[in-house]
Amino acid sequence: MSERPLPPVTALGMASLALIVAGGIYLSAHLPQHVPLGPAVALLAASALLLAGNIFALSRVRDFAWDRFFSVARWSLLAYAVIAGMILYAFLQDHIRGGTLVVLTLSLVVFAVHVPMLVGFTVARYAGSDVRVAA
Amino acid sequence: MADTAISAPVVVPEAVPHGPPFERPDFDIVPRRGLVLVAIVAVALIAAIASNKLWPLTFFHVAGGAAWTIIDLFLGLVLGPIIGRMSIPARVEFTTRLMPKMVLIMPTVVTATLAAGWQLGLKTGNVLSSSPNHGWIVASYIVVGVMSILALGLLEPANIAVLFELKKPRPNPEVIERLMKRFIYCAGILGVMQIATLVIMTKLASS
């Protein structure tokens, strides 16, 4: 199967998710007690940087099946926004506030954007221009 | 879980370049009727967390966790190798019937297990760093974290992409083969990691 070169979107996405998960584990291991936020902020920043890099790298790909990418990614985004919202609700229910809540919320935003991007990319990279699909 | 919509079969004459034509059942990538059940589970989960009562939280954590573990173990260690040895037409038919259900089942059971589990851990005090079980709890975070990265970064995109490929008038068997390989390997690793989850959870439950 001949494939044109594409940026390493999946690898970068997984690295970004790994950083977010590491930050989540770090915060969860301390909650509900006070958490020193430095390491979590550093992990979040690195993850967000990878997300930005991934978006930039993908946006430079020419002749990509963008229609398919967005049609898949937007529904996936809706699903992961609901999941992220439920996780956030649980944190609010547990009276998590302040800097910890901000870091957790931003981590959930990165998670809820990056996973749909990976799903959309994986589907769109194999999309043929002659194919029409009903989701 | 609601059935995948099966309508008139579609003939796929070129899915296997050198094989005989075979039929592929039509299907919905996301079974819409199943979304109603997912919504019911989500509402019940929110109610369980809001009530913060022991029984509903235990129910969601144990029922969701059992479903998650059993599905991963069975798919990764039993069904996965069997699917790998099936003929392509048989694999295609099996995939079109199984995968759409997995698109709804797995995120639902994982969300229910983790959300209820966190709340339960707070209620029982297991997640507190002063708890004697805290080390085991952190170990479970790490196992779940690794499983999440694999499931979200590799498994789910491959699952959805296979379904989109199968929806095409002329599915490319090489693409299906490549994505299914990714799916089967990931499912195998997740199955093995679920054994670690079983060790940790049974240790927590018995201490």
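Scoring rules and cut-offs
- Residues numbered from 1 in each chain as written.
- Chains lettered and ligands numbered in written order.
- Predicted model: local features only at pLDDT ≥ 70, side-chain atom pairs only at ≥ 80, totals over all residues.
- Contact = placed C-beta atoms within 7 Å.
- Helix = DSSP H or I, 4+ residues; strand = E, 2+ residues; numbered from the N terminus.
- Axes fitted to C-alpha atoms, helices over the stretch in contact; angles between N-to-C directions.
- Left-handed = near helix turned anticlockwise from the far one by under 90°.
- Nonpolar A, V, L, I, M, F, W, Y, C, P; charged D, E, K, R; others polar.
- Expected span 1.5 Å × (residues − 1).
- Bend = angle between axes of the 7 residues up to and from the residue.
- pLDDT = per-residue confidence, 0-100.

Visitor: Is there a simple way to think about the interface of chain A and chain B in this case?
Guide: Between chain A and chain B, the residue contacts involve 32 residues of the former and 33 residues of the latter. For the side of chain A that touches chain B, the secondary-structure elements that each account for two or more residues are helix H1 (9–30), helix H3 (66–93) and helix H4 (98–125) of chain A. When residues in the side of chain A that touches chain B are grouped by element, the largest group, 10 residues, is from H1(A).

Visitor: Just checking my understanding: could you explain the packing of helix H2 (residues 54–85) of chain B against helix H3 (residues 88–124) of chain B for this structure?
Guide: Geometrically, a packed helix pair is captured by the angle between its two axes and the distance between the axes. All names here are of chain B. Where H2 meets H3, the closest approach of the two axes is 7 Å, and the angle between their N-to-C directions is 145 degrees. Considering only the axes of H2 and H3, their crossing is left-handed. Listed contacts from H3 to Leu54, Leu57, Thr58, Phe60, His61, Gly64, Gly65, Ala67, Trp68 and Ile83 of H2 are Arg91, Phe94, Val109, Val110, Ala112, Thr113, Ala116, Gly117, Gln119, Leu120 and Lys123. Residues that form the contact of H2 with H3 fall into these classes: 12 nonpolar, seven polar and two charged.

Visitor: Can you help me understand helix H4 (residues 134–167) of chain B in this one?
Guide: Working note: α-helix, 3.6 residues per turn, so residues spaced by three or four point in the same direction. With 34 residues, H4(B) extends 47 Å from end C-alpha to end C-alpha; this agrees with the ideal 50 Å at 1.5 Å per step. The axis of H4(B) is deflected most strongly, by about 40 degrees, at Ala151(B).

Visitor: Can you help me understand the confidence of the model for chain A in this one?
Guide: Fine structural detail should not be taken from predicted coordinates in areas where pLDDT scores are low. Residue and element names in this part refer to chain A. Of the residues in chain A, 92% have a pLDDT of 70 or more, and the chain-wide mean is 87. Of all secondary-structure elements in chain A, the lowest mean pLDDT belongs to H3, at 90, while helix H2 (residues 38–59) reaches the highest, 94. A low-confidence stretch, residues 129–135 (pLDDT under 50), is modelled with 10 contacts involving residues beyond four sequence positions or located in other chains.

Visitor: Whenever I open this one, unusual backbone geometry confuses me. Can you help?
Guide: In most cases, non-glycine residues show a negative phi, while peptide bonds are predominantly trans. Residues and elements named next belong to chain A. Even without glycine at this site, Asp63 takes up a positive phi of about 55 degrees. Along the chain, Asp63 falls in the loop between H2 and H3. For His95, which is not glycine, the phi dihedral falls at a positive 60 degrees. Its location among the elements puts His95 in the loop between H3 and H4.

Visitor: What am I meant to see in the confidence of the model for chain B here?
Guide: Residues and elements named next belong to chain B. Of the residues in chain B, 88% have a pLDDT of 70 or more, and the chain-wide mean is 82. Confidence, expressed as mean pLDDT per element, reaches its minimum in chain B at strand S1 (residues 10–12) with 42 and its maximum at helix H1 (residues 32–51) with 92. Note that pLDDT drops below 50 for residues 1–20; the model gives that stretch 46 contacts with residues more than four away or on any other chain. Both scores are available for the predicted complex, with the pTM at 0.82 and the ipTM at 0.83.

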